Structure formats: C-alpha cells, structure tokens
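# Coordinates in review
Okay, here's what each chain looks like letter by letter:
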Amino acid sequence: DAEITQSPRHKITETGRQVTLACHQTWNHNNMFWYRQDLGHGLRLIHYSYGVQDTNKGEVSDGYSVSRSNTEDLPLTLESAASSQTSVYFCASSGRERGTDTQYFGPGTRLTVL
Amino acid sequence: RKEVEQDPGPFNVPEGATVAFNCTYSNSASQSFFWYRQDCRKEPKLLMSVYSSGNEDGRFTAQLNRASQYISLLIRDSKLSDSATYLCVVNPPNTDKLIFGTGTRLQVFP
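Now for a quick tour of the structure.

## Structural notes on the layout of surface pockets
Any empty space left between atoms is shown by rolling a water-sized probe over those atoms. Reported here for the largest pocket is a volume of approximately 790 Å³. Lining the largest pocket are 33 residues, and of these Gln37 and Leu39 of chain A together with Gln38, Cys40 and Arg41 of chain B lie nearest its centre. Looking at the lining of the largest pocket, the elements with two or more residues in it are β4 (31–38), β9 (87–94) and β11 (109–113) of chain A together with β9 (84–91) and β11 (104–109) of chain B. Looking at the lining of the largest pocket element by element, the count peaks at 4 residues for β11 of chain A. Residue composition of the lining of the largest pocket, by class: 10 nonpolar, 16 polar and 7 charged. Estimated volume of the second largest pocket: approximately 340 Å³. If you trace the second largest pocket, you find 16 residues lining it, with Leu43, Arg44 and Glu59 of chain A together with Ile99 and Phe100 of chain B closest to the centre. For the lining of the second largest pocket, the secondary-structure elements that each account for two or more residues are β5 (42–51) of chain A together with β10 (99–100) of chain B. The dominant element in the lining of the second largest pocket, judged by the number of residues it contributes, is β5 of chain A, at 3 residues. Of the residues that constitute the lining of the second largest pocket, the class distribution is 7 nonpolar, 4 polar and 5 charged.

Below you can see the structure in the form of structure tokens.
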C-alpha cells in the first residue's frame, strides 16, 4: 500500500544545531508540504513543492529550507535550530484524485530544541 | 480576519447525541472544502470532502453554504470513538495549498 513516512519520530537537539527531518512518500504524488502544529495555531505551512526541483515558501518559512531532488522525498532542514522551532512537524502529499486536493499526512516528528 | 475560523470547543456530549460544528471561511472564491479528523498526538486524516449539494457518509453529514461562506459537520448518534479534534479545511483558488482551521475538539462521554 502507498504511504507517507517521516523520520525521526522524535528528536531532541540543541540551539544552533542543524537538523534535517525526512519525509518519504510512495503515492507518486507531485505535491508535497511541510507543516508545523502548535497549540493555538493549528497547522501552519512552512514550505511546499509541486514537483522535482520546485520549492516554495509558506507562511512560516524563516529558518527552514527544503529541497526536492526526486518525487518521493522532501527533507526539511532547520539551518540553526531555535527554541521557537520546538513543535510537531507534519509532512503531507497530494495528487489530483477525483478532482480534489486531498492531502495525506505522515505520522509527524516531535522536535524539541533545548 | 482568519482565513478559516472554527469554535475551538470543547464540545462535551453524551453517547448517542447529535452534535454540529460550523466553520467560516474568508475567501469567497475558494473551490474545495474538507473535514479532517485528528486524534490526540496523531496526524490529521481526511474525514470527508464537502460538496455544494451536501453529502452524507453514515452518521456524518457535511453541508456547504457558499452565500454565507460557512461549512458544517453534523455527527449523529455520537460514539466514544468520535472523540477527536475536527479540522475545517479550505482550498483557496488557483493553488493546491490547503488552509486549516485550528480545529474543534469533541469529547463524547459514556
């Protein structure tokens, strides 16, 4: 069955370190998205990609970067982790199925920055 | 004004009750609408799409009112397993991005 996975599931790091969160999907979807979820804010879009070599900034992109070298993967990098980036991170993918943009989410990565 | 607004709840209802959630959206040109369900510490999962004509899936009914720019979700005969956060989701025009509401929490008690 097609799926979307994230790794690691939990990560503790220190302020200033570079961290990369992995996202891998086997849906063969062109679209991939990274969100963070914090209490009181809901899901906020960090970066997204509509295909290989395409990346775009979302509403909370400062301090994050992504790259899309193939269809299956969209790793999210925190260049220099800050305590404000402690959050739960979800990756999602979507394709044009039945004319809608249903997004399928990975299980999430819980990141703590000390 | 937020693009998608929901009452955060919590809605505490007994088993068997009927409960309704509403959601409003700001962009009148929005094309697609969804309800997602999110269990505690889990990822959001699609519950149902919302069509202009309204749609029903078992105990769940979704309605769209374009004139008033709101979406509703009705849950009949609530089960304990319905306890979760329900996210209202809107697809704005000319994009594949989705805008998520902050969610409405439902707690069904015995």
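## Quick look at the interface of chain B and chain A
Often, the extent of an interface is quoted as the loss of accessible area upon association of its parts. Between chain B and chain A, the residue contacts involve 16 residues of the former and 21 residues of the latter. In this assembly, chain B packs against chain A so that about 1600 Å² is buried in total across both faces, 52% of it on carbon and sulfur atoms. Together, Asp96, Lys97 and Phe100 of chain B form the three largest contributors to the area buried by chain B at its contact with chain A, with a combined 34%. Between the two partners, chain B and chain A, sit 0 salt bridges. Remark: the boundary between chain B and chain A carries 5 residue pairs in polar contact (both at pLDDT 80 or more). Contributing elements (two or more residues each) for the side of chain B that touches chain A: β4 (32–38), β5 (44–50) and β9 of chain B.

## Overview of the state of the cysteines
Residues and elements named next belong to chain A. Inspection of every chain in the model, using the stated rule, returns 2 disulfides over all chains. Shown here is the disulfide that connects cysteine 23 with cysteine 91, its sulfur atoms set 1.8 Å apart. Residues cysteine 23 and cysteine 91 share a disulfide whose torsion about the S-S bond is about -70°; that sign makes it left-handed. Here the residue cysteine 23 occupies a position in strand β3 (residues 19–25), and cysteine 91 occupies one in strand β9, the gap between them amounting to 68 residues. Overall, the relative accessible area of 2% leaves cysteine 23 in the buried class.

## A few points about the sheet that holds strand β7 (residues 60–65) of chain B
One key point about sheets: their strands pair by backbone hydrogen bonds, in either a parallel or an antiparallel sense. All names here are of chain B. Here we have 5 strands laid out as an open sheet, ordered β1-β3-β8-β7-β6, and antiparallel in their pairing. The strands lining the two open edges of the sheet, one partner per strand, are β1 (4–6) and β6 (55–57). The sheet shows a mean angle of 20° between the axes of neighbouring strands, direction not considered. Note: β6 against β7, 3 bridges, orientation antiparallel. Along β7, the bridge assignment pairs asparagine 55 with alanine 62.

## Section: empty space enclosed by the protein
Taken as a whole and assessed by the stated rule, the structure comprises 1 cavity of 30 Å³ or more. Here the largest cavity defines a volume of roughly 40 Å³.

## Concerning the environment of glutamine 37 of chain A
Tracing the backbone shows glutamine 37 of chain A in strand β4. Judged by its relative accessible area of 19%, glutamine 37 of chain A falls in the buried class. In sequence terms glutamine 37 of chain A and asparagine 70 of chain A are 33 residues apart; their C-alpha atoms lie 26 Å from each other. Glutamine 37 of chain A has contacts with Gly42, Leu43, Ser87, Val88 and Phe90 of chain A together with Gln38 of chain B, leaving out every residue within four places of it along the chain. Of note is the side chain of glutamine 37 of chain A, whose polar atom sits 2.9 Å from the side chain of glutamine 38 of chain B.

Definitions and cut-offs
- Residues numbered from 1 in each chain as written.
- Chains lettered and ligands numbered in written order.
- Predicted model: local features only at pLDDT ≥ 70, side-chain atom pairs only at ≥ 80, totals over all residues.
- Heavy atoms only, no water.
- 1 Å grid on protein atoms, 1.4 Å probe; cavity = no way out; pocket = protein on both sides within 12 Å on 5 of 7 lines; lining within 4 Å.
- Points joined across faces, edges and corners; volume = space filled by probe spheres on them.
- Helix = DSSP H or I, 4+ residues; strand = E, 2+ residues; numbered from the N terminus.
- Nonpolar A, V, L, I, M, F, W, Y, C, P; charged D, E, K, R; others polar.
- Contact = heavy atoms within 4.5 Å.
- Buried area = accessible area lost by both parts, 1.4 Å probe.
- Salt bridge = Lys/Arg side-chain N within 4 Å of Asp/Glu carboxyl O.
- Polar contact = N/O pair within 3.5 Å; in protein donor to acceptor, adjacent residues only side chain to side chain.
- Disulfide = S-S within 2.5 Å.
- Buried < 20%, exposed > 50% of the residue type's maximum accessible area, 1.4 Å probe, protein only.
- Pairing = 2+ DSSP bridges.
- Axes fitted to C-alpha atoms, helices over the stretch in contact; angles between N-to-C directions.

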